[in-house]
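Each chain is listed here by its residues.
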Amino acid sequence: MDLTFTEEEEAFRARLRTWLADVLPKLPPKPAATDWPGRRRHDAAWQRMLYDAGYAGLHWPVDAGGRGATPTQHLIFLEETEKAGAPYVGANFVGLLHAGPTIAAEGTAAQRARWLPPILRGDEIWCQGFSEPDAGSDLAALRTRAVRDGDEYVVTGSKIWTSHAEVADWCELLVRTDPEAPRHRGISWLAMPMDAPGVTVRPLRTLAGSTEFAEVFLDEVRVPVDHRIGAEHDGWRVTMVTLSFERGTAFVGEVVACRRVLAELARTARANGRWDDAVLRRRLGRLNVEFAALWRLTQWNVSEAMGVPSGRAGSRPRGSTGGVPGTGGSVFKLRYSHARQELYDAAAEVLGGQALDAAHPWVADRLSALSYTIAAGTSQIQRNIVAERILGLPKGR
């Protein structure tokens with residue numbers, strides 16, 4: 001990969017900076033963390049601004065409604081929006097980072113036309129219905145049943161840790177359509193409307209006090225067959241596509257955010273006298289190198305996801321169909337999860353007594369960081385993927 005920037009890419013960066021400087025001061029204040037309807041409106045309005053300016057789905061293929069930007073432009077966008085303090089995708093994250101890319105890669109022309117434009121405009125919010133109470137990280141052990149009844153599936157079961165379910169319009173839902181098949185077969189990926197009869201949402205309160213997760217109970221919910229993405233019983237393969245996006249490219253903006261927090265930690269440590277601690281300085285220095293390496297791995301993974309051949313990262317033809325992240329996403333997700341936890345442990349050390357102040361944003365982030373070794377596949381699962389699919393080690397018994 002050539003990590004230098006062309007004149008065209010620097011011009012793209014300059015235009016983006018100018019646009020951000022113009023629009024960000026006009027944004028209304030962010031709603032309270034507990035006001036999810038308000039946060040949905042706020043996040044959807046920001047997504048619409050991106051859409052109107054041509055920045056929504058920047059890296060999506062043109063035939064999926066995106067701009068067909070190069071991986072380098074995508075990374076510039078992530079860097080500049082984070083540095084400018086622009087809103088993150090927020091409530092839109094499942095649709096923009098998981099469901100939308102999966103539908104773009106696996107959906108029919110009619111499905112792409114139905115669901116991708118509303119995601120890009122911020123008109124429709126998605127949640128993820130993968131995890132189940134009795135399955136834990138063993139996704140293949142899911143029990144939610146979908147019985148075919150003519151042109152519909154009748155779905156019964158429950159899901160847990162369903163992100164943004166209480167404000168979502170759609171759910172990317174994994175169901176078992178053939179209970180007699182081996183555990184990794186007989187699964188299907190459905191797009192389920194959250195307002196369908198039989199859907200009950202019960203919010204869950206996290207350690208940090210927020211309610212972005214929920215339990216979802218499904219009591220004979222009818223979902224049209226044409227809402228299935230991919231072939232019947234082929235949902236495990238489609239799910240691997242979804243998880244590749246979730247692990248491979250969905251965290252890229254957060255790496256930039258962590259690097260910004262690290263710089264703020266160093267400034268705070270200098271201001272409050274903790275910079276005199278040589279052990280702390282070494283810790284922050286090592287984290288600086290760690291996140292720099294993770295950013296380079298991010299660049300590699302994004303390039304791979306966009307189908308870039310060896311050579312320059314930005315060389316993919318404009319508008320060509322992007323690929324799907326590879327197993328390198330598991331390498332990134334594994335290390336990033338632990339590095340994020342180490343970052344906020346260091347933040348607690350820098351803050352001293354303030355680390356007990358729940359109102360401090362770093363304290364809330366530290367509590368949130370505890371979930372990263374579980375979310376999007378536990379660290380144990382990622383180690384298995386790295387061992388078996390990258391290193392070629394035999395499967396454990």
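Not measured: the values here are computed from a predicted model.

Basis of the calculations
- Residues numbered from 1 in each chain as written.
- Predicted model: local features only at pLDDT ≥ 70, side-chain atom pairs only at ≥ 80, totals over all residues.
- Heavy atoms only, no water.
- Salt bridge = Lys/Arg side-chain N within 4 Å of Asp/Glu carboxyl O.
- Helix = DSSP H or I, 4+ residues; strand = E, 2+ residues; numbered from the N terminus.
- Buried < 20%, exposed > 50% of the residue type's maximum accessible area, 1.4 Å probe, protein only.
- Expected span 1.5 Å × (residues − 1).
- Arc of directions from axis to C-beta.
- Contact = heavy atoms within 4.5 Å.
- Pairing = 2+ DSSP bridges.
- pLDDT = per-residue confidence, 0-100.
- Phe/Tyr/Trp six-rings, centres within 6.5 Å; stacked < 30°, edge-to-face > 60°.
- Axes fitted to C-alpha atoms, helices over the stretch in contact; angles between N-to-C directions.
- Parallel < 35°, antiparallel > 145°, perpendicular 65-115°, else oblique.
- Nonpolar A, V, L, I, M, F, W, Y, C, P; charged D, E, K, R; others polar.
- Polar contact = N/O pair within 3.5 Å; in protein donor to acceptor, adjacent residues only side chain to side chain.
- Core = buried A, V, L, I, M, F, W, Y, C linked by side-chain atoms within 4.5 Å.

Re the pattern of salt bridges
Thought 1: Considering all chains together, one arrives at 25 salt bridges under this definition.
Thought 2: The partner of Arg-112 in a salt bridge is Asp-63, and the shortest N-O contact between them spans 3.1 Å. One end of the pair, Arg-112, is in helix H5 (residues 109-121); the other, Asp-63, is in the loop between helix H2 (36-53) and helix H3 (71-83), and 49 residues separate them in sequence.
Thought 3: Note that Asp-149 is salt-bridged to Arg-222, the shortest N-O span being 3.0 Å. With a gap of 73 residues between them, Asp-149 in strand S2 (residues 145-149) and Arg-222 in strand S7 (residues 213-224) connect regions that are remote in the sequence.
Thought 4: On the basis of relative accessibility, which here comes to 39%, the residue Asp-149 falls in the partly exposed class.
Thought 5: Salt bridges sharing common partners tie together Glu-10, Arg-13, Arg-17, Glu-79 and Glu-80.

A short note on helix H1 (residues 7-23)
Thought 1: Compared with the 24 Å implied by 1.5 Å per residue over 17 residues, the 25 Å span of H1 between its first and last C-alpha is a close match.
Thought 2: Residues of H1 that are buried: Glu-9, Phe-12, Arg-13, Leu-16, Trp-19, Leu-20 and Val-23. Taken around the axis of H1, the buried residues stretch over an arc of 130°, which confines them to a single face. Exposed side chains of H1 directed beyond 90 degrees from the buried face belong to Glu-7, Thr-18 and Ala-21.
Thought 3: Residues of H1 that are buried make contact with H2 and H3.

A short note on the pairing of strand S3 (residues 152-159)
Thought 1: Relative to S3, S2 runs antiparallel, the two sharing five bridges. Considered in S3, the bridge of Arg-145 is made with Thr-156.
Thought 2: Taking the residues that link successive antiparallel strands as the turn, the S2-S3 hairpin has two residues, and the phi of Gly-150 there is positive, at about 65°.
Thought 3: In the sheet, S3 pairs with S7 via seven bridges, with the strands oriented antiparallel. Opposite Ser-158, over in S7, you have Phe-217 as the bridge partner.

Here we look at H3
Thought 1: Taking 1.5 Å per residue, 13 residues should reach 18 Å; H3 reaches 18 Å between its end C-alpha atoms and fits that length.
Thought 2: Most of H3 is tucked away: 12 of the 13 residues are buried.
Thought 3: Regarding H3, the residues found buried are Pro-71, Thr-72, Gln-73, His-74, Leu-75, Ile-76, Phe-77, Leu-78, Glu-79, Glu-80, Thr-81 and Glu-82.

Here's the deal with the confidence of the model for the protein chain
Thought 1: This prediction gives the protein chain a mean pLDDT of 83; 82% of its residues lie at or above 70.
Thought 2: Across residues 308-325 the pLDDT falls below 50, and counting only partners more than four positions away or on other chains, this stretch makes 56 contacts in the model.

As for the environment of Ser-158
Thought 1: Along the chain, the position of Ser-158 falls in strand S3.
Thought 2: Apart from the residues lying within four places of it in its own chain, the contact partners of Ser-158 are Ser-131, Glu-132, Pro-133, Thr-144, Val-216 and Phe-217.

Things to note about the packing of aromatic side chains
Thought 1: All chains considered together, the criterion is met by eight aromatic pairs.
Thought 2: On the numbers, 6.2 Å between centres and 80° between planes, the contact of Trp-115 with Trp-126 is edge-to-face. Within this pair, whereas Trp-115 is found in helix H5, its partner Trp-126 is found in strand S1 (residues 126-129), the two being separated by 11 residues in sequence.
Thought 3: A relative accessible area of 1% places Trp-115 in the buried class.
Thought 4: When its relative accessible area of 0% is taken as the criterion, Trp-126 is described as buried.

Comments concerning the packing of H2 against H5
Thought 1: One can describe the packing of H2 onto H5 by two numbers: an axis separation of 7 Å at closest approach and a directional angle of 105°. Here H2 is positioned roughly perpendicular relative to H5, judged by the angle of their axes. When H2 is examined against H5, the residues Ala-44, Gln-47, Arg-48 and Tyr-51 are found in contact with a partner set consisting of Ile-119, Leu-120 and Arg-121.
Thought 2: For the contact of H2 with H5, the class distribution of residues is four nonpolar, one polar and two charged.

Thoughts on the side chain of Arg-40
Thought 1: Structurally, the position occupied by Arg-40 is in helix H2.
Thought 2: Residue class for Arg-40 comes out buried when judged on its relative accessible area of 18%.
Thought 3: Within the structure, Arg-40 has its side chain in polar contact with the backbone oxygen of Val-167 (distance 2.5 Å).
Thought 4: Dropping the residues within four chain positions of it, Arg-40 is found in contact with Ala-91, Asp-123, Glu-124, Ile-125, Val-167, Ala-168 and Asp-169.

Remarks on the nonpolar core
Thought 1: Ranked by size, the top nonpolar core spans 67 residues in total, and within it Trp-126, Trp-189, Leu-265, Phe-291 and Leu-343 carry the most contacts.
Thought 2: Take this core: its biggest share by element is nine residues, from helix H9 (residues 328-351).
Thought 3: Not counting residues up to four positions away in its chain, the partners in contact with Leu-343 are Cys-258, Val-261, Leu-262, Leu-265, Leu-287 and Phe-291.
Thought 4: Counting 22 residues, the second-largest nonpolar core is a separate cluster that includes Ala-91, Met-192, Met-194 and Val-216.

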